[in-house]
Amino acid sequence: MKDTFKHHGMRQQLVEILINKDIKDKNVLKAIGKIPRHLFMDSGFIDHAYQDKAFPIAADQTISQPYTVAFQSELLQITPEDKVLEIGTGSGYQTAVLLELGAKVYSIERQKELYKKTSTFLPKIGYRAKQLIFGDGYKGLPEEAPFQSIIVTAGAPYVPNPLLSQLAIGGRLVIPVGDKVQVMTLFIRKGPKEFEKHEFGDFRFVPMLEDKN
Ligand code: SAH
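One structure accompanies this document, and this report is about it. Note that the structure is a prediction, hence the values are computed from the model and not measured. Sequence order sets the numbering: in each chain, residues are counted from 1 along the sequence as written. In keeping with the predicted nature of the model, local features appear solely for residues at pLDDT of at least 70, side-chain atom pairs appear and are counted solely at 80 or more, and the whole-chain, interface and lining totals rest on all residues. Based on all heavy atoms of the structure, the side-chain values leave hydrogens and waters out of the count.

## Focus: helix α3 (residues 66–76)
Because each turn of an α-helix spans 3.6 residues, side chains separated by three or four positions in sequence point in the same direction. When a residue's accessible area, from a 1.4 Å probe over protein chains only, is under 20% of the maximum for its type it is buried; when over 50% it is exposed; and in between it is partly exposed. The helix count covers DSSP runs of H or I at least four residues long, the strand count covers runs of E at least two residues long, and both are numbered beginning at the N terminus. Most of α3 sits out of view: 10 of its 11 residues are buried. Within the sequence span of α3, burial applies to P66, Y67, T68, V69, A70, F71, Q72, S73, L75 and L76. In the segment just after α3, Q77 is the residue with positive phi, at about 50°.

## Some words on the packing of aromatic side chains
Paired rings are identified among Phe, Tyr and Trp, the last through its six-membered ring, by centres lying within 6.5 Å, and are further divided according to the angle between planes into stacked (under 30 degrees), edge-to-face (over 60) and tilted (the rest). Scanning the entire structure with this criterion turns up 9 aromatic pairs. Aromatic side chains F40 and F121 sit 4.9 Å apart centroid to centroid with 85° between the ring planes, which places their arrangement in the edge-to-face category. Residue F40 is found in the loop between α2 (26–34) and β1 (55–56), and its partner F121 is found in helix α5 (residues 112–124); the two are separated by 81 residues along the sequence. With respect to burial, F40 and F121 carry one shared label: buried. Feature note: the residues Y67, F71, F200 and F203 constitute an aromatic cluster, connected by ring pairs. Lying across the ring of Y93, R37 places its NZ or CZ 5.5 Å from the centre. One cation-aromatic arrangement involves K83 over F147; the distance from NZ or CZ to the ring centre is 6.0 Å. For a lysine, the NZ atom is tested; for an arginine, the CZ atom; a charge sits over a ring if that atom is within 6 Å of the ring centre and within 35 degrees of the ring normal.

## Focus: the packing of helix α1 (residues 5–20) against α2
Where α1 contacts α2, the axes come no closer than 8 Å and their chain directions differ by 150°. By the angle class used here, α1 and α2 are roughly antiparallel. Between α1 and α2 lies a crossing whose hand is right-handed. Contacts between α1 and α2 pair R11, Q12, L14, V15, L18 and I19 from the former with L29, I32, G33 and K34 from the latter. Here an angle of 0 to 180 degrees is reported between the N-to-C directions of two axes, which are lines fitted to C-alpha atoms, with helices fitted over the stretch in contact. Angle categories: roughly parallel below 35 degrees, roughly antiparallel above 145, roughly perpendicular from 65 to 115, and oblique for all the rest. Handedness of a helix crossing follows the sense of rotation of the near helix relative to the far helix, less than a right angle counterclockwise being left-handed and clockwise being right-handed. Contacts are assigned to residue pairs that have any heavy atoms within 4.5 Å of one another.

## A short note on the site of the ligand
Any residue with a heavy atom positioned within 4 Å of a molecule or strand is treated as near that molecule or strand. In the vicinity of the ligand lie 27 residues, with T62, S91, E109, G137 and L209 positioned nearest. Relative to its free-state accessible area of 580 Å², the ligand is covered by the protein chains to the extent of 99%. Those elements that provide at least two residues to the shell around the ligand are β2 (62–63), β3 (83–87), α4 (93–100) and β4 (104–109). Each residue gets one of three labels, nonpolar for Ala, Val, Leu, Ile, Met, Phe, Trp, Tyr, Cys and Pro, charged for Asp, Glu, Lys and Arg, and polar for the others, Gly among them. Residue composition of the shell around the ligand, grouped by class: 11 nonpolar, 12 polar and 4 charged. All accessibility values rest on the Shrake-Rupley procedure with a 1.4 Å probe; residue burial counts only the protein chains present in the view.

## A closer look at the nonpolar core
We call a set of buried Ala, Val, Leu, Ile, Met, Phe, Trp, Tyr and Cys residues a nonpolar core when their side-chain atoms join them within 4.5 Å. One finds L18, I32, I35, F40, Y93 and V97 to be the most contacted residues of the largest nonpolar core, which totals 45 residues. Elements represented by at least two residues in this core include exactly α1, α2, α3, α4, α5 and β8 (182–191). In terms of residue count, α3 provides more of this core than any other element does, 6 residues in total. Residues in contact with I32, not counting those within four places in the same chain, are R11, L14, V15, L18, P66, A70, Y93 and V97. In this structure, Y138, V152, A156 and I175 belong to the second largest nonpolar core, which totals 19 residues.

The analysis is restricted to geometry; functional conclusions fall outside its scope.
What follows is the structure, encoded as structure tokens:
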């Protein structure tokens, strides 16, 4: 598992592409410039790792497009030590970005194969989440709530109530909502029962699925 000068150069080009697409958060750009995305992909696809594209990983899932990862990460406005819940661990790439931003990360994945693969892979390259969980993201993680931020990295047909209720006051939920196409949606919890909602255009994700292990 090598990270060479060439990979480093390709990453800087990717960062330039993201800047041109209007990603502004310096810490997010720095994280993407640092994380060896090629190691998160199956070896056959390594040459594609630094294109701004989603790519197939195991279990018919995808590693999100870098632009999408950057866009969602920017909306979360993470500060170091924030407790963050991620739904859809997948390859662990978004998890690594959250860790680079200094978050304490809890991440849930419902595909056992991916859960197992990513649980061994992330610590191998030095990324330690607080907890990687094999389970159903629709339920969130009540035993560790409240969270400062919650990020959903699969297309949600609706906004699961447990996720809203597990947000801290002032906390932010970033979730793509919709069936075939998803609208990137940000909820900010203003009070026990008050949420502010903002929408940010269309994205495409693999679907968030219920009741499958
Ligand atoms: N963040 C990932 C994106 C993976 S794609 C990455 O950067 O690689 C979305 C992931 O969400 C898939 O791994 C899929 O298995 C998972 N997923 C789908 N429904 C889920 C659910 N209900 N709970 C937890 N994870 C789910």
